[in-house]
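# Commentary on secondary and tertiary structure
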Amino acid sequence: MARVLLLLALCVLPALVIARPMVKNPLVVQGYVYCDRCLAGFETEKAESMAGAEVEVRCADRKTGQVVYKKGGCTDSTGHYKIVITEDHLDEVCDAVLVKSSVPDCAKMSPGREQARVILTNYNGLASSTRFANAMGFMADKPEAGCTQIMQQYQEQDV
């Protein structure tokens, strides 16, 4: 009997210690993916929502940088995605990350817009369980017609 208890203590207790704490209310990461048709590096009037793009939430250990958690999702017909997270990631750095474009001529990830930081814990004072990630985007192979005029609107003019 003592051996059984010792075996139980050596096998089960470590598993319970390293198990991820579950959150009472699941956290929901929400975001938007678009195709940058003007190669601007941000959303313009020519940007299109991207249905069917693959997105992933990745969490890395704060000290080692090793990815310790991944969960994927896809955008809906409006380019929006929702990924439900049931574990707490208090001591981890988490990002929503672009994985794959669904549009062949808009498959290059826009530099600086390929990931968005999200906080995935309930121990931070936020009342809502919804976490909003910044919009992420892919860039088209070449700019569409009319983009020159749009980009001129963003140019600063000295008066």
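Residue positions are given per chain, counted from 1 along the sequence in the order it is written. With the structure being a predicted model, the display of local features is reserved for residues of pLDDT at least 70 and the display and counting of side-chain atom pairs for 80 or more, all residues being used for whole-chain, interface and lining totals. Only heavy atoms go into the side-chain values, all of them from the structure, while hydrogens and water stay out.

## Notes on the side chain of Thr44
Note on conventions: DSSP H or I runs of at least 4 residues are helices, E runs of at least 2 residues are strands, and numbering of each starts at the N terminus. Within the secondary structure, Thr44 sits in the loop between strand 1 (22–36) and strand 2 (48–49). In this analysis, two residues are considered to be in contact whenever any of their non-hydrogen atoms come within 4.5 Å of each other. Thr44 has contacts with Cys38, Ile150 and Tyr154, leaving out every residue within four places of it along the chain.

## A short note on the sheet that holds strand 4 (residues 67–74)
Paired strands are those between which DSSP finds at least two bridges. Taken in spatial order, the 4 strands make up an open sheet running 4-3-6-8, and their pairing is antiparallel. The open sheet has two edge strands with one neighbour each: strand 4 and strand 8 (115–118). Across the sheet, the axes of successive neighbouring strands diverge by a mean angle of 25 degrees, strand direction being ignored. Axis definition: a line fitted to C-alpha atoms, over the contacting stretch in the case of helices. Angles run 0 to 180 degrees between N-to-C directions.

## What to know about the state of the cysteines
We call a pair of cysteine sulfur atoms a disulfide whenever their separation is within 2.5 Å. Enumeration over the complete set of coordinates arrives at 3 disulfides. Paired by a disulfide, Cys35 and Cys106 hold their sulfur atoms 2.0 Å apart. Taking the torsion about the S-S bond as the criterion, the Cys35 to Cys106 disulfide, at about 115 degrees, is right-handed. Taken together, the residues Cys35 in strand 1 and Cys106 in the loop between strand 6 (92–100) and strand 7 (108–109) connect sequence positions 71 residues apart. The exposure classification of Cys35 matches that of Cys106, with both residues buried. For the chain, the disulfide bridges join cysteines in the arrangement 1-5, 2-6, 3-4, where the cysteines are counted in sequence order. A 1.4 Å probe rolled over the protein chains alone gives each residue an accessible area, and that area as a share of the maximum for its type sets the label: buried under 20%, exposed over 50%, partly exposed in between.

## Details of the pairing of strand 6
In this sheet, strand 6 lies alongside strand 3 (residues 54–61) in antiparallel orientation, the contact comprising 8 bridges. Looking at strand 6, one finds that Glu54 is bridged to Lys100. Pairing of strand 6 with strand 8, which is carried by 4 bridges, proceeds in the antiparallel orientation. Across the sheet, the residue bridging to Cys94 is Val118, located in strand 8.

## With respect to the packing of aromatic side chains
The aromatic pairing rule takes the rings of Phe, Tyr and Trp, using the six-membered ring of Trp, and pairs them if the centres are within 6.5 Å, calling planes under 30 degrees apart stacked, those over 60 edge-to-face and the rest tilted. If you walk through the whole model with that rule in mind, you get 2 aromatic pairs. Between Tyr32 and Tyr34 the ring centres are 6.3 Å apart and the planes differ by 20 degrees, which places this aromatic pair in the stacked class. The class for Tyr32 is buried, based on a relative accessible area of 18%. Between Phe42 and Tyr154, the aromatic rings sit 5.2 Å apart at their centres with planes inclined by 75 degrees, giving edge-to-face as the arrangement. Of this pair, Phe42 sits in the loop between strand 1 and strand 2 while Tyr154 sits in the segment after helix 2 (147–153), and the two are 112 residues apart along the sequence. Residue Phe42 is classed as partly exposed on the basis of its relative accessible area, which comes to 29%.

## Details of the pairing of strand 10 (residues 136–139)
By the alternation rule, side chains of strand 10 split into Met136 and Phe138 and Gly137 and Met139, which are all buried. Both strand 7 and strand 10 contribute to a ladder of 2 bridges, which runs antiparallel. Along strand 10, the bridge assignment pairs Lys108 with Met139.

## What to know about the nonpolar core
By size, the foremost hydrophobic cluster in this structure holds 24 residues, and its most contacted members are Val29, Val33, Tyr81, Ile85 and Leu120. Every element with two or more residues in this core is listed here: strand 1, strand 3, strand 5 (80–87), strand 6, strand 8 and strand 10. For this core, the leading source of residues is strand 1, giving 4 residues. If we skip the residues at most four places from it in the chain, Leu120 touches Leu27, Val29, Val57, Cys59, Ile85, Glu87, Asp88, His89, Leu90, Cys94 and Arg131. We define a nonpolar core as any set of buried Ala, Val, Leu, Ile, Met, Phe, Trp, Tyr and Cys residues linked to one another through side-chain atoms lying within 4.5 Å.

## Some thoughts on the environment of Ala51
Examined against the element boundaries, Ala51 turns out to sit in the loop between strand 2 and strand 3. A sequence separation of 24 residues divides Ala51 from Thr75, and the C-alpha atoms of the two residues are 5.3 Å apart.

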